[in-house]
Amino acid sequence: MRTISQYAEFEEITQSEEPVVVKFFADWCPDCTRMNQWIDPIIDEYHNFNWYQINRDQVPEAATENDVMGIPSLLVFKNNKKLAHLHSANAKTPEDVKAFLAENLK
């Protein structure tokens, strides 16, 4: 999973004609740390999509404009549009994330 560190980079990546998955996180977030423990096999399963992560504290405008209130959150973008948003409350288990991806990355 590649890290996005600047807003301009975020804008460029989300303009992709193919869906991209962006995980919003923060270094101080315990739920983000837990997700990191089990997300890699899911990324491997969905390897045909590009995965990125962005620290909401380092690039707050990306979080604000996409209504990312809680972290971790997974968002799917295509052609500069947010197609789907898995809010932090619903991203607690691998099963939650797999169900979200199965529904939104067809």
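One can find the structure itself at the top, above this paragraph.
Just so we're clear, the structure is a prediction, and the values are computed from it rather than from any experiment.

What about the pairing of strand β2 (residues 20-25)?
Then comes step 1: With six of six residues buried, β2 lies mostly within the body of the structure.
Then comes step 2: With burial as the criterion, each face of β2 is covered, one bearing Val20, Val22 and Phe24 and the other bearing Val21, Lys23 and Phe25.
Then comes step 3: Bridge analysis of β2 against strand β3 (residues 50-55) gives six bridges, and the strand direction is parallel. Directly across from Lys23, in β3, lies its bridge partner Gln53.
Then comes step 4: The sheet contact formed by β2 and strand β4 (residues 73-78) spans five bridges and is antiparallel. For Lys23, the partnering residue across the bridge sits in β4 and is Leu74.

Concerning the side chain of Asn55
Then comes step 1: Counting through the fold element by element, Asn55 comes out in strand β3.
Then comes step 2: Accessibility expressed as a relative area gives 5% for Asn55, which makes it buried.
Then comes step 3: In this structure the side chain of Asn55 is engaged in a polar contact, spanning 2.8 Å, whose partner is the backbone nitrogen of Asp57.
Then comes step 4: Each residue touching Asn55, except ones within four places of it in the same chain, is listed here: Ile4, Phe25, Ala26 and Asp27.

Some details on the packing of aromatic side chains
Then comes step 1: For the coordinates displayed, the defined rule picks out three aromatic pairs.
Then comes step 2: With a centroid separation of 6.2 Å and 70° between ring planes, the pair formed by Phe10 and Phe24 is classed as edge-to-face. Note that Phe10 is positioned in helix α1 (residues 7-14) and Phe24 in strand β2, a separation of 14 residues in sequence.
Then comes step 3: Between Phe10 and Phe77, the ring centres sit 5.4 Å apart and the planes meet at 90°, which makes this aromatic pair edge-to-face. Here the residue Phe10 occupies a position in helix α1, and Phe77 occupies one in strand β4, the gap between them amounting to 67 residues. The two residues Phe10 and Phe77 agree in class, both being buried.
Then comes step 4: By the ring-pair criterion, three or more aromatic residues cluster together here, those being Tyr7, Phe10, Phe24 and Phe77.

Quick notes on the pairing of β3
Then comes step 1: Counting buried positions along β3 gives five out of six residues, so the element sits mostly inside the fold.
Then comes step 2: Note: strand β1 (residues 2-4) against β3, three bridges, orientation parallel. Each residue of the ladder has a partner; that of Arg2, found in β3, is Tyr52.

What about the pattern of salt bridges?
Then comes step 1: This structure, assessed with the given rule, holds four salt bridges.
Then comes step 2: Linking Glu9 and Arg2 is a salt bridge whose minimum nitrogen-to-oxygen distance equals 2.7 Å.
Then comes step 3: Owing to a relative accessible area of 44%, Arg2 belongs among the partly exposed residues under this scheme.
Then comes step 4: Between Arg56 and Asp57 there is a salt bridge whose closest N-O contact spans 3.9 Å.
Then comes step 5: What emerges from the salt-bridge pattern is a single network uniting Asp31, Arg34 and Lys92.

Reading guide: rules and limits
- Residues numbered from 1 in each chain as written.
- Predicted model: local features only at pLDDT ≥ 70, side-chain atom pairs only at ≥ 80, totals over all residues.
- Heavy atoms only, no water.
- Buried < 20%, exposed > 50% of the residue type's maximum accessible area, 1.4 Å probe, protein only.
- Helix = DSSP H or I, 4+ residues; strand = E, 2+ residues; numbered from the N terminus.
- Pairing = 2+ DSSP bridges.
- Polar contact = N/O pair within 3.5 Å; in protein donor to acceptor, adjacent residues only side chain to side chain.
- Contact = heavy atoms within 4.5 Å.
- Phe/Tyr/Trp six-rings, centres within 6.5 Å; stacked < 30°, edge-to-face > 60°.
- Salt bridge = Lys/Arg side-chain N within 4 Å of Asp/Glu carboxyl O.

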